[in-house]
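Here's the letter readout for the chains.
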Amino acid sequence: MDDKIYRMYELLYQRFGPQHWWPGETPFEVMVGAVLTQNTNWANVEKAIGNLKERGWLSPQALHSLPLEAIAEAIRPSGYFNVKAKRLKALVDFLWEEYQGDLERMFAEDTDTLRGKLLSIPGLGPETVDSILLYAGNKLAFVVDAYTKRIFSRHGLCFEDVDYHQLQSLITESIPKDVSLYNEFHALLVKVGKEYCKKRQPLCANCPLAGL
Ligand code: SF4
């Protein structure tokens, strides 16, 4: 347990306030966004989701019945669209096979059991799965990403190539087990990572975490 970690959250929240994550009108939209955001920026994800909405395809029923090529074409703006279409389809097929397409039933599952099942879907790694659990399912799952690794390693809390679960445990053992806190903390880390803790040149002088 490291007090510095909760202090980090407090400093970020004091400076930036609530981040209102994750942008999305429904849990299903959040889940789709979590797959589409792999290796791209959010503006591209928004375009892809906009295309799905325009066509009336942003539902478990539609994505389950559509051919892969049609989905790929609609999500083209998100990049790697053929790969992502396969991942989306695999996720939606899983939702139908295991829970008859009912997202509420899926999220009623115990968190660790569901995490294990989602991780067995091709192309879904721990960051995507935890994003789905936390932001679509409101479940206790802390999301670790490249920004988290960079910020924590620059503050001497881990190595930059730290294992996902090792860093996740370090964080969750140092903060209260609270879904809203997990939600906010990850969003705040992304914010400070984008604005200050840049890859090549960290802008420490005005960063809210400079005092740490
Ligand atoms: S920019 Fe500097 S102070 Fe801010 S998180 Fe990165 S290393 Fe820390």
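Here we summarise the structure given alongside this text.

Helix and strand counts for the chain stand at 12 helices and 0 strands. Secondary structure elements in the chain, listed N-terminal to C-terminal, are α-α-α-α-α-α-α-α-α-α-α-α. Here the C-alpha atoms of the chain give a radius of gyration of 18 Å, agreeing with the 17 Å that 2.2 N^0.38 yields for 212 residues. With the C-alpha coordinates aligned to their principal axes, the bounding extent of the chain is approximately 55 × 35 × 30 Å. Residues counted as buried form 50% of the 212 residues belonging to the chain. With the model as given, the accessible surface of the chain reaches about 10500 Å², and the carbon-plus-sulfur share is 49%.

All right, on to the site of the ligand then. For the ligand, the full set of nearby residues is Ile151, Arg154, His155, Tyr196, Cys197, Pro202, Leu203, Cys204, Cys207, Leu209 and Ala210. Considered class by class, the residues forming the shell around the ligand number 9 nonpolar, 1 polar and 1 charged.

Taken as a whole and assessed by the stated rule, the structure comprises 11 aromatic pairs. Ring centres of Phe142 and Tyr182 lie 5.5 Å apart, and the angle between their planes is 80°; on these two criteria the pair is classed as edge-to-face. With Phe142 in the loop between helix H9 (126-136) and helix H10 (146-154) and Tyr182 in helix H12 (residues 179-195), the pair connects residues that are 40 residues apart, well separated along the chain. Here the two residues Phe142 and Tyr182 agree in accessibility, since each one is buried. Each member of the aromatic cluster is reached from another via a ring pair, and the members are Tyr6, Tyr9, Tyr13, Phe142, Tyr182 and Phe185. Its guanidinium or amino end placed over the ring of Trp57, Arg55 lies 5.5 Å from that ring's centre, counting from NZ or CZ.

Cut-offs and rules
- Residues numbered from 1 in each chain as written.
- Predicted model: local features only at pLDDT ≥ 70, side-chain atom pairs only at ≥ 80, totals over all residues.
- Heavy atoms only, no water.
- Helix = DSSP H or I, 4+ residues; strand = E, 2+ residues; numbered from the N terminus.
- Rg over C-alpha atoms; globule rule 2.2 N^0.38 Å.
- Buried < 20%, exposed > 50% of the residue type's maximum accessible area, 1.4 Å probe, protein only.
- Areas by Shrake-Rupley, 256 points an atom, 1.4 Å probe, with all protein chains shown as cover.
- Near = heavy atom within 4 Å.
- Nonpolar A, V, L, I, M, F, W, Y, C, P; charged D, E, K, R; others polar.
- Phe/Tyr/Trp six-rings, centres within 6.5 Å; stacked < 30°, edge-to-face > 60°.
- Lys NZ or Arg CZ within 6 Å of the ring centre and 35° of its normal.

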